[in-house]
Amino acid sequence: MKLAYLVLGTMTLLLLGGYDSVLSTSSGNLHTFVGCAVREFTFLAKKPGCRGLRITTDACWGRCETWEKPILEPPYIEAHHRVCTYNETKQVTVKLPNCAPGVDPFYTYPMAVRCDCGACSTATTECETT
């Protein structure tokens, strides 16, 4: 039995297409960075009846330690899967430009305050297993 975890922040899933920022870590090397950090993230906020607005906010990004090892008794595998997830968020609301009459112009999104490696929680993260 092999588990694979794909984790995307609740809003991050909707926003991936617009990301164009760079993580600033103390090591400066994204290929070797292991951990979870707040990262600047830019996306296009839009909803039907309004023009889009480019927003730069903070999101969680990183790689966390994960491992699996076989064992002799059911379920025949011991797994330790940690994901980079939101520990603390703040809700931010902006007004979208040029909304049609009758369309609510306000758009609310989460901004990461603190991120940690932890168990995947469906309350804040989309957790998939295959």
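With an unreviewed UniProt entry as reference, the chain is termed Glycoprotein hormone beta-5, source organism Mesocricetus auratus. Heading Subcellular location (unreviewed entry) of the UniProt record for the chain holds this comment: "Secreted". According to UniProt, the comment filed for the chain under the heading Sequence similarities (unreviewed entry) is "Belongs to the glycoprotein hormones subunit beta family."

With that settled, the discussion passes to the state of the cysteines. Two cysteines joined by a covalent bond between their sulfur atoms form a disulfide. Under the defined criterion, the tally for this structure stands at four disulfides. Covalently, Cys36 is tied to Cys84 through a disulfide, its sulfur atoms 2.1 Å apart. Taking the torsion about the S-S bond as the criterion, the Cys36 to Cys84 disulfide, at about 75°, is right-handed. Separated by 48 residues along the polypeptide, Cys36 in strand 2 (residues 35-45) and Cys84 in strand 6 (residues 83-95) bring together distant segments of the chain.

Okay, unusual backbone geometry next. Pro75 follows Pro74 through a cis peptide bond whose omega is 10°. Examined against the element boundaries, Pro75 turns out to sit in the loop between strand 4 (66-70) and strand 5 (77-81). Here the phi dihedral of Tyr76 falls at roughly 70°; this positive angle occurs in a residue that is not glycine. Looking at where Tyr76 falls in the secondary structure, it is placed in the loop between strand 4 and strand 5. In the Ramachandran plot, Asn98 falls in the positive-phi region, its phi being about 50° despite a non-glycine side chain. Relative to the assigned elements, Asn98 resides in the loop between strand 6 and strand 7 (106-118). On the basis of relative accessible area, Asn98 is assigned to the exposed category, the value being 57%.

Rules of the game
Residues numbered from 1 in each chain as written. Predicted model: local features only at pLDDT ≥ 70, side-chain atom pairs only at ≥ 80, totals over all residues. Heavy atoms only, no water. UniProt positions renumbered as here; feature names shortened; annotations may be inferred. Disulfide = S-S within 2.5 Å. Helix = DSSP H or I, 4+ residues; strand = E, 2+ residues; numbered from the N terminus. Buried < 20%, exposed > 50% of the residue type's maximum accessible area, 1.4 Å probe, protein only.

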